[in-house]
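Okay, here's what each chain looks like letter by letter:
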There are 4 protein chains.
Amino acid sequence: MIRVGVIAAVGYAGRELLRLAVSHPEIKITAAVELEAGKKLADAMPSFAKVLDIELETFDPDSLAKKCDVVFLALHGGKGIPIVAALRSAGVRVIDMGPDFRIKDSQLFQKYYGVEHTATELLKEAVYGLVPYYRESIREAQLVAVPGCYPISVILPLRPLNEFLEGVVIADCISGVSGAGRALSEPLHYPEMNENVRAYKLGIHQHIPEIEQETGNRFMVQFTPHVGPYTRGILSTITARPKGDVDVAKAYNRYGQEPFVRVYAEGKLPELRFVRASNFCDIGWAMDRRTGNLIIVSAIDNLLGGTAGMAMQCFNVMFGFDERTALRFGGMVP
Amino acid sequence: MIRVGVIAAVGYAGRELLRLAVSHPEIKITAAVELEAGKKLADAMPSFAKVLDIELETFDPDSLAKKCDVVFLALHGGKGIPIVAALRSAGVRVIDMGPDFRIKDSQLFQKYYGVEHTATELLKEAVYGLVPYYRESIREAQLVAVPGCYPISVILPLRPLNEFLEGVVIADCISGVSGAGRALSEPLHYPEMNENVRAYKLGIHQHIPEIEQETGNRFMVQFTPHVGPYTRGILSTITARPKGDVDVAKAYNRYGQEPFVRVYAEGKLPELRFVRASNFCDIGWAMDRRTGNLIIVSAIDNLLGGTAGMAMQCFNVMFGFDERTALRFGGMVP
Amino acid sequence: MIRVGVIAAVGYAGRELLRLAVSHPEIKITAAVELEAGKKLADAMPSFAKVLDIELETFDPDSLAKKCDVVFLALHGGKGIPIVAALRSAGVRVIDMGPDFRIKDSQLFQKYYGVEHTATELLKEAVYGLVPYYRESIREAQLVAVPGCYPISVILPLRPLNEFLEGVVIADCISGVSGAGRALSEPLHYPEMNENVRAYKLGIHQHIPEIEQETGNRFMVQFTPHVGPYTRGILSTITARPKGDVDVAKAYNRYGQEPFVRVYAEGKLPELRFVRASNFCDIGWAMDRRTGNLIIVSAIDNLLGGTAGMAMQCFNVMFGFDERTALRFGGMVP
Amino acid sequence: MIRVGVIAAVGYAGRELLRLAVSHPEIKITAAVELEAGKKLADAMPSFAKVLDIELETFDPDSLAKKCDVVFLALHGGKGIPIVAALRSAGVRVIDMGPDFRIKDSQLFQKYYGVEHTATELLKEAVYGLVPYYRESIREAQLVAVPGCYPISVILPLRPLNEFLEGVVIADCISGVSGAGRALSEPLHYPEMNENVRAYKLGIHQHIPEIEQETGNRFMVQFTPHVGPYTRGILSTITARPKGDVDVAKAYNRYGQEPFVRVYAEGKLPELRFVRASNFCDIGWAMDRRTGNLIIVSAIDNLLGGTAGMAMQCFNVMFGFDERTALRFGGMVP
C-alpha cells in the first residue's frame, strides 16, 4: 500500500483526488491537510461520511514525510512553491496539481502569475505530468507538475501536429464553472452564472505560456477561455491553417495505445457528455476545404482528465500500477 | 470471475450498471443485449470506447444462459416479464432493475401498470432487493427485483418508523430528468424542461403500491412526484404525524452499520450534491413542535443508489463480495 | 406621469421593478437609491445601458419626497423599517417589497425575523398588497406591503378554500435560487448549487406567520421550502384534507375575473415554464379519492408574480391604471 | 391598429413574436396559423391563457389577406417559399423570420439548404431585415427577410470593420438549445443535453453564405457553431487579423445612435445575462498585441435580438412606430 497525503483536501481538485483515491486498491490515505484542521473531513464535506474517516490537519512537512510516500497538492499560483520546497526537503515525492512547477521559464511564470518563483532549482527537477508525452520521466520523478486543465485539452490535440502548424493557432475553449474553484464571487453566484456564458482574460490567461511551451513554441496560441453554465468539462475548439498537406489521422495514430485518449473518425466530434466524470480526452477534427482550415475539437472533464484523473494516472505510473487503476470508468451519460 | 450479461444495455439503467461493472474486479461482462444488435456498444455510446469492447446482441435466453452467471435487465412495466421468465427457465440468475417483480400482489401490479402479470409463480420466488432489509434472502436469490428509485428514497427513511406512524404520510419527491429514461417527449425536450419544475401522476403513480407494501401497509402514502431541471438525484420530503413520542434517532440506529445509508444529526439535512454519483441514501429529519409533525428528507442518486448501485450491491451480496466493491466512491461534489 | 423612485435598485427585486417600469407608459423613473451611489445604474448593471440613464444616489427622504410620487423598496427583514418611516414622514407613498410591514402582529414579526418592530403605528396603516383580496384598500393606501413570494404561491390557492380546511396543511415549495437574493454564500456558489436540491429552515421560516395570517389562522401550515437548480420560479405543492365535500372548482370561481390568476381544469397541473417571466399565478388541483386528500399545485415567477410584478400591479391599482399595464406578457416559453 | 397574423404561431419564433405583440399598443393580433388548427392558442400553449384569446387556424392566404395588414412567419428552410409567395400574391406585407429570402444568390441557397428556390423573383424584392443597415429599405418593404440569429451576432460586430479585414475570420459561436427549435431529437433530450457542450456542422452550416453576403464577401468566415446547456442566447467570439492599424472604437461609433446595439469600452466583454430576454446586441473587443489579433465578443438573445425582437423592430420601422415599441426592456438579470 502506498501512503498518500493530500494538501488542500477540500478544494475542488483535492476532493476529487480523494474521491478517486478511496477506490484505489493500493492507496492508503494517511493525511488530509486543510485550513479547517481539527475537523473530520466528513464534517467539512458530508459526501465523505462512511467513505473516508480522517481528521484534517495543518501543514507540517516533517509529519507528512513520516506518514506519506507521496503528497498531492493543489494551490493557487505561487502558494504551492514553499509547500513543495518544504516537502521535497523532507524527502517526500510530490504530485502538484497547481501551476507552480509547470512553466520552465521562471520569467514567464512571474509575468503571467504575478509572483516571483522562489524555487527555480525545483523547476529543473519537476517533470511535466502529461502522461502520453512524459511517461518515462514520470516513472522516476520526485516532483510531478500536473498540467493545467485547459492546457491538457489544447496540447493533446495539437502536439501531434506541431510540425504542420505555424503562425497563430486559435483556441476557443469553454469550461464549466468548477474550473474557477471554490472561491465565491458575484459572477459565479448561481443566479448570475446560470444561463450565462462569457469570455474572460483575453490574451493574458496564465495558461498561454504553458500551452506554447508544450507545443514546442512553434506557433503562437490565441487562447480565448470562456465559462459556461454547467459544472464540469472543457470543450476546446482549435482552428489552425496547416502548411501543406497533413495526414491528421496518421498524426493521431500515436494515441492508438493511450488508455485515456480517444481520437474520433474524421468529421465525428466529441461532446462533454462522453467524457463526463471520466479521465478521457476525446479528440475530433474536420478539414474545411473551402477555407483551408483544420478544426479540432477536444473534450475533457476538467476535474478528472483535466486535474485529479491525470494526477492519479501520474501516480499509477510513478508507483508501477496499471495506469487505469481507479480510473476505469467511461463517461457518465447521463 | 462472475460472467455478467446486461439487457437493455444502452438504457439509462443498463448504461450505468455497465459503467460500474467495468471497475468491479470480479466481473467479466460477457453479453450486452440491445435493439441496436450488431453494433459495437461504443458505436451506440461513445462513452464506452476504450472502456468496454463488446458487441450488442439480440435477446437469446439459451445463449445468455451459456455465457452468463447472472443477467441484469431494466425494461418498462410488463416488458420484462417474458424475458425474466425465459431467463429463469434457462437457469440464469436474474437481477431485474425494472418494476415487474417488485409488487407481490399481481392485482395491484395490473391496476397500476395496466398490464396483466403472466408470471405470478416467479413473483413468489422474487426477492425484493432492498439490501438493508433483505440481505439474507438476496444471498441465495435466483431472481432479485431491485426496488424503484422513488421507493428507495421513501422506504429507507420510513420503515424504521413504521410502528410510530398511521393515517396518511405525505411524500413530496422531486427527481432529476434521467428518471424518465431515454424516451423522447415534448415536456423533456431541453428548452421545455430547463428552468422548469412540474408535479405529475398525482395519486396514480405506480410506485405507490410498492412503497406501501414495503412499509408494511400500516399507513397510506400520499406520493406526489415532481421532476426538476437537473439530470440526477431524488430528494424526498416526507411529512408524518407520529402517534405519541418517537425517538427518531434511536429508530435510525439500525442504519449505523449499513455501508450506504447515512443518517444526519437532528436538524441537519441532506442535499443531492452529497450523494451525486454515489450509492448512498442520506437521511435527515426535524421535529416541528409547533405542528407536531415529523419532517424527513432523504437524498439519493436515482441512477445509482436508486437503481444500478443498489443492483450492484445486490450482486455483491449474491456472489459473496464485499458490498462496497465497485461502489466505494462518495458523492461527487461538484 | 407618475414619478417613481426605487431603493435597493440593484437588488434582485429592485432591478426587476426597474426593468418593468421602463416599459410602463405612465412612469417616469426619477430616483434610484443604492450603495454604489455616484455610479450610473448602467455601470453597476450593464443590462440597463441604453435603457435607463440614471445616477445611483444615497438615501435622502426629503430629496425623494420632492421628486417622487411613490417609492418602491426591497430590503432584508427589519432594514426597511426606518426607511419606510422616514419616507412616510416625508409624505411619500411607499410600496415595500420587503417583509417589514406584512405581519400585523409585531410580536410574531420579532419572533420570526429576530428584529424588534420600531414602527408599529405604520403596521396599522400598511395594506397587504395581495391585489385579488385587498384591491379596494390598495387604491387609497399610503403604504403597501407587497406579499412575500412563497406566501403568494400558497395563499392564492388556499384562501378560497379556507372554510373547508382545518388541522395542518402541508405546503412543500421549491424556489429558484434568485429567491435568496444577491448575497454570496457557499451553498449558492454555482458549482455547489447546480444539479442540487435541498430543503431548509424547516419549521422556522419567516413566511409561516404571513401565510397563516392571510389564510385566516384557521389551520396551521407546515411550510417546507426547498431551493432547486434554476433561477426563477416557485412551485408549491399543497396537501390538505378537506372537511366534508368541497367543490373546489366552484371555490376557485372567484378568480375568474382576476387578470393574473389562472385556474386549471381538475387534474391539469401548472408548470414553471408557463408563468416564467410573467405576473401570473397558475393553480391546478386534484382530489385523491384513495387518501381523501386534496392536492393543489401553484406556480409563479418569484421575481415577477412573486415580487416586482405584484408590486407593479399594486402601483397600477394605486394610481388608477389598467392593472395589466407593463405586465401584459404571458409566460416566456422557452 | 395594425392587424397582425402569425404563421407557425406555436413554434419558438412564433410564440416569442406573439408574446411581444400582446404588449404592443398598436397591434391587434387577428390570426394565428398552426398545425393544431381548431384549438385555442392557450390550449396548445398554456402560457397564453388570459393573455391572448385566439383560435388557431389553417393557412389560407386569402383569408389572411382580408384580416391582416402584415403576416409574420418562421418555417424551416424552403418551407416558407410557397407560403410567402401566396401571401405576396394576395397583397399582404410579410415579415419572414425563416431563412428563405435572406440569401440573394439562389444557387448558394440551394447548396446550403438543399432545396431549390422557387420564388427567385421575390428574392429581388425581399429586404434583409437588419435594421441598422437597411432601415430605409425596410420602411417601404413588402417582404422583409429577418436575419438569422447567428448572422446577427456575427454581422453586427464585423460589418463596421469590413474594410480592415481580409483572409479568413474565425467565428466560434455558442447558442442556447432553443436555437434548434421544437423538434425532438436524442441529442436535445434533457438528460443528454444538460451539462453538455458540442460543436456541430463544421464548415457546412447554412448561415455561412448569409454572413459572408452581409459582410460584403470581403473575407471568408470560418463559422463554428456550438450548442451549450442553456435555453437562450448566442455568444459569438470572433478572431480576426486586421490589416494595418484599425481604430476599432471609431469604427463602432456608427452604433452610437442605434437603440439596440451597445458597444463596450475596450477590454470590457458582454455576457449573455446582460442581453437575456431583450432585443440588444452587445459588443466588446480587445486587441491582443502579442499575436496581432483582434478579438470581438458579441451577445444576443437568439429568440429576441436574434429573431422575434429584430422582427418586431422591423415591424416598427415598416409601420412608422418608435423602434423601441414593445421592446423597451433591458436584459433580465437574473
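Quick notes on the rules
Residues numbered from 1 in each chain as written. Chains lettered and ligands numbered in written order. Predicted model: local features only at pLDDT ≥ 70, side-chain atom pairs only at ≥ 80, totals over all residues. Heavy atoms only, no water. Contact = heavy atoms within 4.5 Å. Buried area = accessible area lost by both parts, 1.4 Å probe. Salt bridge = Lys/Arg side-chain N within 4 Å of Asp/Glu carboxyl O. Polar contact = N/O pair within 3.5 Å; in protein donor to acceptor, adjacent residues only side chain to side chain. Helix = DSSP H or I, 4+ residues; strand = E, 2+ residues; numbered from the N terminus. Pairing = 2+ DSSP bridges. Least-squares fit on C-alpha atoms with pLDDT ≥ 70 in both. Buried < 20%, exposed > 50% of the residue type's maximum accessible area, 1.4 Å probe, protein only.

Our next topic: the interface of chain C and chain B. Taken together, the contact pairs 48 residues of chain C with 48 residues of chain B. Summed over both partners, the interface of chain C with chain B buries about 3,900 Å², with 53% contributed by carbon and sulfur atoms. It is Glu195(C), Arg273(C) and Arg290(C) that lose the most area in chain C upon contact with chain B, and together they represent 17% of the buried surface on that side. On inspection of chain C and its partner chain B, the count reaches eight salt bridges. A salt bridge links Glu271(C) to Arg198(B), with the shortest nitrogen-to-oxygen separation between them at 2.9 Å. Run the count over chain C and chain B and you get 30 residue pairs in polar contact (both at pLDDT 80 or more). The element contributing the most residues to the side of chain C that touches chain B is strand β10 (residues 220-227) of chain C, with five residues.

Turning our attention to the interface of chain A and chain B. In this assembly, 37 residues from chain A lie in contact with 37 residues from chain B. Summing both sides of the interface, chain A and chain B together bury roughly 2,800 Å²; the carbon and sulfur share of this comes to 62%. Looking at the side of chain A facing chain B, the largest losses of area belong to Lys50(A), Met332(A) and Pro334(A), adding up to 24% of the total buried there. For the pair chain A and chain B, the interface holds zero salt bridges. Between the two partners, chain A and chain B, sit 20 residue pairs in polar contact (both at pLDDT 80 or more).

This brings us to the sheet that holds strand β1 (residues 2-7) of chain A. On the basis of which strands lie adjacent, the open sheet formed by seven strands has the order β3-β2-β1-β4-β5-β7-β6 (chain A) and parallel pairing. Across the chains shown, the open sheet's two edge strands, defined by having one partner strand only, are β3 (56-57) and β6 (127-128) of chain A.

As a further point, take the relation of the copies chain A and chain B. One copy of the chain maps onto the other through a rotation about an axis plus a displacement along that axis. Its rotation angle being 180 degrees, the transformation that places chain A on chain B also includes 0.0 Å of axial translation and leaves an RMSD of 0.0 Å. Classification of the inter-copy transformation places it as that of a two-fold axis. The overlap is high: 100% of the interface residues of chain A also sit at the interface in chain B, so the same surface is used on both sides.

So, about the pairing of strand β8 (residues 168-175) of chain A. Residue and element names in this part refer to chain A. When you tally the buried positions in β8, you get seven out of eight residues, the bulk of the element. Summarising the sheet, β8 and strand β10 (residues 220-227) pair through eight bridges and their orientation is parallel. When the bridges of β10 are listed, Ala-171 appears paired with Phe-223. Here β8 pairs with strand β11 (residues 234-240) via six bridges, running antiparallel. If you follow Ile-174 over to β11, its bridge partner there is Leu-235.

Our focus in this paragraph is the pattern of salt bridges. Following the criterion strictly, the structure yields 92 salt bridges over all chains and no others. Across the salt bridge formed by Glu16(C) and Arg19(C), the nearest N and O atoms sit 2.9 Å from each other. Note that Glu16(C) and Arg19(C) are positioned in helix α1 (residues 12-21) at a spacing of three residues, about one turn of the helix. Assigned by exposure class, Glu16(C) and Arg19(C) land together as buried. Put simply, Glu323(D) and Arg135(D) hold a salt bridge, and the shortest N to O gap is 2.5 Å. With a gap of 188 residues between them, Glu323(D) in the segment after α13 (304-318) and Arg135(D) in helix α7 (residues 131-140) connect regions that are remote in the sequence. Counted as one network, the salt bridges with shared partners bring together Arg15(A), Glu271(B), Arg273(B), Glu186(C), Glu192(C) and Arg198(C).

With that settled, the discussion passes to the sheet that holds β10(C). The strands making up a sheet associate through backbone hydrogen bonding, with each pair oriented either parallel or antiparallel. All names here are of chain C. Taken in spatial order, the seven strands of this open sheet run β9-β10-β8-β11-β14-β13-β12, and their pairing is mixed. Each having just a single partner strand, β9 (198-199) and β12 (261-263) make up the two edges of the open sheet. Pairing of β9 with β10, which is carried by two bridges, proceeds in the antiparallel orientation. By the bridge assignment, Arg-198 is partnered in β10 with Val-227.

Function cannot be inferred from these measures alone, as they are strictly geometric.
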